[in-house]
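Each chain, written out:
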Amino acid sequence: MIVGPKYDMIAHAQLTTSDVGDSVNTFDLSLEHTQENPSELPLFGNFCCRLAAQPYCLIEDTCSGFLYIEKVDDEDASIHWVRQWCVLKNLSISCWDCAEDEDWRVPPLSIPVTKESQISDADPSVIQRPFTFHVSSCEYGTIRKQYTLAAENKDDLQKWWDGLQQHLLDQVVWKDVCDTLMKIKPSNQKRLSLGRKVTSTLYDDTPAVIPQKQKCRTASIRLESSNGASTTSNSEFSPLTMMLKKYAADEEPDAPVTRQRSRDSGISSS
């Protein structure tokens, strides 16, 4: 059994999509007081923050694949179908001649898919091509334009139909947040990866305070060797000096023992 840290809720605040914006706002902080977990932290009043959001429908592909787009010739009003690589993302269906053009080329055709757009099936009595649907959107204010698109098979038609419905539903849920793509500034703090090797420690990074060296008084040390010669030197009190003194003490000869004959006290031993 793995026992991890335990957390208690001591305060909370509720933020909604209406609080999303580019400026910092003030929000109320509600404290939680319970008899089991009384809180003594100094939390009160309110707090300030900026709430940013980027819905997936704006930054990720909701649906992608090949579609046939109906185009009408301006000269003779003839209808022809053009196969295009289409991507549903950021409130529009972007169309290119091939999939490779998506990475470097601006889409020649962009079909708006906003909250005002309408998705409907095509009338088979009017359009003979199968798997066809309409996307009707408002462009340039109140002017509504209808686009006719066709999938290659039934599965692709269902995929695009579900993707378009989800794209419209996301805009309804996120409300004004989906009107423009909000920029989120990356954090400037550098995080250490788990695999990065630490080359220094807190001990190494802490500057050392080196006290000034105090001069010691000198003393005259007399060393006497075993042959009776003596030398005198001046040196500081250091471990080397103390070792020399100890060495001299070990080499000093023992004091001669003189035996004195005691006077006879008139008592003789036999």
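None of the values given here were measured: they were computed from a predicted structure.

J.: Could you give an account of the overall build of the protein, naming the residues involved and the relevant values?
T.: Tallying secondary structure elements over the protein gives four helices and 13 strands in all. Relative to its full complement of 270 residues, the protein shows a buried share of 21%. Counting only contacts in the protein whose residues sit at least 6 apart along the sequence, the fraction spanning at least 24 positions is 45%. On the protein, roughly 22,100 Å² of surface is accessible, and the fraction owed to carbon and sulfur atoms is 52%.

J.: Residues and numbers for the sheet that holds strand β7 (residues 92-96), please.
T.: An order of β8-β7-β6-β5-β11-β10-β9 is seen for the seven strands of this open sheet, with the pairing classed as antiparallel. Across the chains shown, the open sheet's two edge strands, defined by having one partner strand only, are β8 (109-112) and β9 (118-121). Neighbour-to-neighbour, the strand axes of the sheet open up by a mean angle of 35 degrees, direction not taken into account. As paired strands, strand β6 (residues 79-89) and β7 are joined by five bridges and run antiparallel to one another. Following the sheet pairing, Lys89 is matched in β7 by Ser92. Taken strand by strand, helix α2 (residues 154-174) contacts β5 (63-72), β6, β7, β9 and β10 (132-139), and its axis lies near 100 degrees from that of β5.

J.: Now, about the pairing of β5: what can you tell me, with residues and values included?
T.: Pairing of β5 with β6 involves 10 bridges; the strand directions are antiparallel. Residue pairing for β6: Ser64 is matched across the bridge by Val87. Taking the residues that link successive antiparallel strands as the turn, the β5-β6 hairpin has six residues, and the phi of Ala77 there is positive, at about 60 degrees. Alignment of β5 against strand β11 (residues 143-150), held across two bridges, turns out to be antiparallel. Opposite Tyr68, over in β11, you have Ala150 as the bridge partner.

J.: Explain the confidence of the model for the protein to me, using residue names and the numbers behind them.
T.: Across the protein, pLDDT averages 76, with 63% of residues at or above 70. Within the protein, the element-level pLDDT minimum falls on strand β12 (residues 218-224), averaging 43, and the maximum on β7, averaging 96. Predicted confidence is poor over residues 213-236, with pLDDT under 50, and the contacts of this stretch with residues over four places away or in other chains come to 33 contacts. Taken together, the stretch residues 255-270 has pLDDT below 50 and engages in zero contacts with residues farther than four places along the chain or on a different chain.

J.: Residues and numbers for the environment of Ala99, please.
T.: The residue Ala99 is located in the loop between β7 and β8 in this model. Once the C-alpha coordinates of Ala99 and Trp85 are considered, the two residues, 14 residues apart in sequence, prove to be 5.6 Å apart.

J.: An account of the packing of aromatic side chains is needed here, citing residue identities and associated values.
T.: Remark: the centre distance and the inter-plane angle together describe each pair of aromatic rings, the angle taken between the planes. A complete count under the given rule lists two aromatic pairs for this structure. Here the aromatic rings of Phe66 and Trp85 are separated by 5.0 Å at their centres, their planes lie at 75 degrees, and the arrangement is edge-to-face. In this pair, Phe66 sits in strand β5 while Trp85 sits in strand β6, placing the two residues 19 residues apart along the sequence. Taking the relative accessible area as the measure of exposure, Trp85 reaches 16% and is therefore buried. Over the ring of Phe66 we find Arg83, and its NZ or CZ is 3.8 Å from the ring centre. Directly above the ring of Tyr68 sits Arg129, whose terminal nitrogen or CZ lies 4.2 Å from the centroid.

J.: Could you give me a rundown of the state of the cysteines, with the residues and numbers involved?
T.: Summed over the entire model, instances satisfying the criterion amount to zero disulfides. Cys48 takes part in no disulfide bond, and the closest cysteine sulfur, belonging to Cys49, lies 7.9 Å away. Just so you know, Cys178 is unpaired, no disulfide at all, and the nearest cysteine sulfur is the one on Cys57, 3.7 Å from it. Owing to a relative accessible area of 2%, Cys178 belongs among the buried residues under this scheme.

J.: Tell me about the pattern of salt bridges, and please be specific about residues and values.
T.: Enumeration over the complete set of coordinates arrives at five salt bridges. When the shortest N-O distance is used, the salt bridge between Asp22 and Arg50 registers 3.5 Å. Of this pair, Asp22 sits in the loop between β1 (11-12) and β2 (25-28) while Arg50 sits in the loop between β4 (46-49) and α1 (56-59), and the two are 28 residues apart along the sequence. By sharing partners, the salt bridges in this structure join Asp97, Asp101 and Arg105 into a single network.

J.: Give a description of the side chain of Ser117 that names residues and reports values.
T.: Note that Ser117 resides in the loop between β8 and β9. Among the polar contacts made by the side chain of Ser117, one reaches the main-chain amide nitrogen of Thr114 at a distance of 2.8 Å. Reaching out from Ser117, the side chain makes a polar contact with the side chain of Ser137 at a distance of 2.9 Å. Sequence-distant contacts of Ser117, defined by excluding residues within four places in its chain, comprise Pro112, Ser136, Ser137 and Leu168.

Conventions adopted
Residues numbered from 1 in each chain as written. Predicted model: local features only at pLDDT ≥ 70, side-chain atom pairs only at ≥ 80, totals over all residues. Heavy atoms only, no water. Helix = DSSP H or I, 4+ residues; strand = E, 2+ residues; numbered from the N terminus. Buried < 20%, exposed > 50% of the residue type's maximum accessible area, 1.4 Å probe, protein only. Contact = heavy atoms within 4.5 Å. Areas by Shrake-Rupley, 256 points an atom, 1.4 Å probe, with all protein chains shown as cover. Pairing = 2+ DSSP bridges. Axes fitted to C-alpha atoms, helices over the stretch in contact; angles between N-to-C directions. pLDDT = per-residue confidence, 0-100. Phe/Tyr/Trp six-rings, centres within 6.5 Å; stacked < 30°, edge-to-face > 60°. Lys NZ or Arg CZ within 6 Å of the ring centre and 35° of its normal. Disulfide = S-S within 2.5 Å. Salt bridge = Lys/Arg side-chain N within 4 Å of Asp/Glu carboxyl O. Polar contact = N/O pair within 3.5 Å; in protein donor to acceptor, adjacent residues only side chain to side chain.

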